[in-house]
Amino acid sequence: MSNEIYFFKMERTWRETLKNEFSEEYFKNLQNFLTKEKKEHHVFPPENQVFNAFNSTPFDEVKVVILGQDPYHGLGQANGLSFSVNPGIKFPPSLRNIFKELKTDLDIAPPLWGDLTPWAMQGVLLLNATLTVRKATPGSHQNKGWEQFTSAAINALQSKENIVYILWGQFAQQKSAQINAGNNLILKSAHPSPFSAHRGFFGSKPFSTTNKYLKKHNIEPINWELP
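Visitor: Would you take a moment to explain the packing of helix α5 (residues 93-106) against helix α9 (residues 206-216) for this structure?
Guide: Packed helices, taken two at a time, are described by the angle their axes make and the gap between the axes. Close contact between α5 and α9 brings their axes to 7 Å; oriented N to C, the two are set at 60°. Here α5 lies oblique to α9, going by the angle between them. Of α9, the residues touching α5 (which contributes Ile98, Glu101, Leu102, Asp105 and Leu106) are Pro206, Phe207 and Ser208. Of the residues assigned to the contact of α5 with α9, the class counts are five nonpolar, one polar and two charged.

Visitor: Looking at this model, I keep getting lost on the side chain of Asn184. Mind explaining?
Guide: With respect to the helices, strands and loops of the structure, Asn184 is situated in the loop between α8 (169-173) and β6 (185-189). Overall, the relative accessible area of 6% leaves Asn184 in the buried class. Among the polar contacts made by the side chain of Asn184, one reaches the main-chain amide nitrogen of Asn162 at a distance of 3.2 Å. At 3.0 Å, the side chain of Asn184 forms a polar contact with the backbone nitrogen of Ile163. Beyond its immediate chain neighbours, meaning those up to four positions away, Asn184 contacts Gln158, Lys160, Glu161, Asn162, Ile163, Tyr165, Ile179 and Tyr213.

Visitor: Just checking my understanding: could you explain the layout of surface pockets for this structure?
Guide: It is a probe the size of a water molecule, rolled over the atoms, that shows where empty space is left. The volume enclosed by the largest pocket comes to roughly 520 Å³. Along the wall of the largest pocket there are 27 residues; nearest its centre are Asp70, Tyr72, Phe83, Ser94 and His191. Examining the composition of the lining of the largest pocket, we find that four residues originate from one element, α8, more than from any other. Grouping the constituent residues of the lining of the largest pocket by class yields 13 nonpolar, 13 polar and one charged.

Visitor: What should I look at first to understand the packing of helix α3 (residues 25-40) against helix α7 (residues 146-157) in this one?
Guide: Running from amino to carboxyl end, α3 crosses α7 at an angle of 130°, the nearest separation of the two axes being 9 Å. Classified by the angle between their axes, α3 and α7 sit oblique to one another. Crossing geometry of α3 relative to α7 is assigned as left-handed. Here Tyr26, Phe27, Leu30 and Leu34 of α3 come into contact with α7, specifically with Trp146, Gln148 and Phe149.

Visitor: In this structure, what is going on with empty space enclosed by the protein? I would like to understand it.
Guide: Applying the stated criterion across every chain yields a total of one cavity of 30 Å³ or more. If you add up the space inside the largest cavity, you get close to 30 Å³. What lines the largest cavity is simply Leu67, Gly68, Ala129, Thr150, Ile154, Phe171 and Lys175. Elements supplying a minimum of two residues to the lining of the largest cavity: β2 (64-68) and α7. The residue makeup of the lining of the largest cavity, split by class, is four nonpolar, two polar and one charged.

Visitor: How should the nonpolar core be read in this particular structure?
Guide: In a soluble, globular protein the nonpolar side chains are often hidden away together inside. Counting residues in hydrophobic clusters, the biggest one holds 66 residues, and the most contacted among them are Trp14, Phe54, Ile98, Trp119, Trp146, Phe149 and Leu157. Residue contacts for Ile98: discarding those within four places in its chain leaves Phe83, Trp119, Trp168, Pro192, Phe201 and Phe207.

Visitor: Would you take a moment to explain the packing of aromatic side chains for this structure?
Guide: A ring pair, where both rings are aromatic, is described by two values, the distance of the centres and the angle of the planes. A complete count under the given rule lists 19 aromatic pairs for this structure. Aromatic side chains Phe27 and Trp146 sit 6.4 Å apart centroid to centroid with 85° between the ring planes, which places their arrangement in the edge-to-face category. Remark: Trp146 occurs in helix α7 and Phe27 occurs in helix α3; sequence separation between them is 119 residues. The exposure class assigned to Trp146 is buried, which follows from its relative accessible area of 0%. When the centroid spacing of 5.9 Å and the interplanar angle of 55° are considered together, the rings of Trp119 and Phe207 count as tilted. Taken together, the residues Trp119 in helix α6 (residues 117-120) and Phe207 in helix α9 connect sequence positions 88 residues apart. Among the aromatic side chains, those forming a connected cluster through ring pairs are Trp14, Phe22, Tyr26, Phe27, Phe51, Phe54, Phe59, Trp146 and Phe149. Positioned above the aromatic ring of Phe59, the side-chain terminus of Lys160 is 5.6 Å from the ring centre.

Quick notes on the rules
Residue numbering note: each chain is counted from 1, following its sequence as written. Given that this is a predicted model, residues contribute local features only at a pLDDT of at least 70 and side-chain atom pairs are listed and counted only at 80 or more, while totals for whole chains, interfaces and linings are drawn from all residues. Computation of side-chain values: all heavy atoms of the structure, hydrogens and water removed. Here an angle of 0 to 180 degrees is reported between the N-to-C directions of two axes, which are lines fitted to C-alpha atoms, with helices fitted over the stretch in contact. Helix and strand definitions here come from DSSP, where helices need a minimum of 4 consecutive H or I residues and strands a minimum of 2 consecutive E residues; each element is numbered from the N-terminal end. Any angle from 65 to 115 degrees is called roughly perpendicular, while one under 35 is roughly parallel, one over 145 is roughly antiparallel, and all others are oblique. Should any heavy atoms of two residues lie within 4.5 Å, those residues are counted as being in contact. Classification convention: Asp, Glu, Lys, Arg as charged; Ala, Val, Leu, Ile, Met, Phe, Trp, Tyr, Cys, Pro as nonpolar; all other residues, Gly among them, as polar. Buried means the residue's accessible area, taken with a 1.4 Å probe over protein chains only, is under 20% of the maximum for its type, while exposed means over 50%, and partly exposed covers the values in between. N or O atoms within 3.5 Å of each other form a polar contact, as long as, within protein, one can give a hydrogen and the other can take it, and as long as residues adjacent in sequence are counted only when both atoms are side-chain atoms. Grid points spaced at 1 Å and placed over the protein atoms alone form the basis of the search, with a cavity being a set where a 1.4 Å probe fits but cannot get out and a pocket an open set showing protein on both sides within 12 Å along at least five of seven lines. Lining residues have an atom within 4 Å of a point. Grid points are joined across faces, edges and corners, and a volume is the space filled by probe spheres set on the points. Crossing chirality is assigned from the near helix's rotation relative to the far helix, an anticlockwise turn below a right angle marking it left-handed and a clockwise turn marking it right-handed. We call a set of buried Ala, Val, Leu, Ile, Met, Phe, Trp, Tyr and Cys residues a nonpolar core when their side-chain atoms join them within 4.5 Å. Classification of ring pairs uses Phe, Tyr and Trp, with its six-membered ring standing for Trp, and accepts pairs whose centres are within 6.5 Å; under 30 degrees between planes counts as stacked, over 60 as edge-to-face, and the remaining range as tilted. In our convention, an over-ring charge means Lys NZ or Arg CZ found within 6 Å of a ring centre and within 35 degrees of that ring's normal.

See below:
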């Protein structure tokens, strides 16, 4: 598959918003790295899902941003949405804890599947800082250019107001410096990982707090219930 097809299968509004990034030197280097990487290793998610976060939530429809670090690195897990897994895949620990908090917060029972596409289709941008990863090697595609690209996306969103940014853990919270706190809501807590969830993630009520804010600003709230 050619680089052009691989890198430019992006939803129209985001492609227009980020068009200048594609000609930057860092992005060309990223293209070269991924082309070589794909020849030598399994890379997740599949090519047609690399930009799934953008394709599922057009720029003009973003209400909420949930930031992750990089995709799941197990076979069949990653689908291009942060914290989400494909239907039929066992819930990773962090996702399992997200569903526990959803139950505590809004009394919504855990779903059958861990695919968060219904959230994305309502305006929840489920964005990882790094959009690809080598099989069984977490963090393997960090510092190759993806972070600059996804930071550009967050910067672009600063032209909008009344977005809820949900920042779980220190890595995501570093992005708060890019966010206009006066025009948006920033929710910070511990990461839902089992190593940290009991240090402030559980009980943080991000889902109800998000909907209260959206309603206050006459924005349709998110239906967090999944099939």
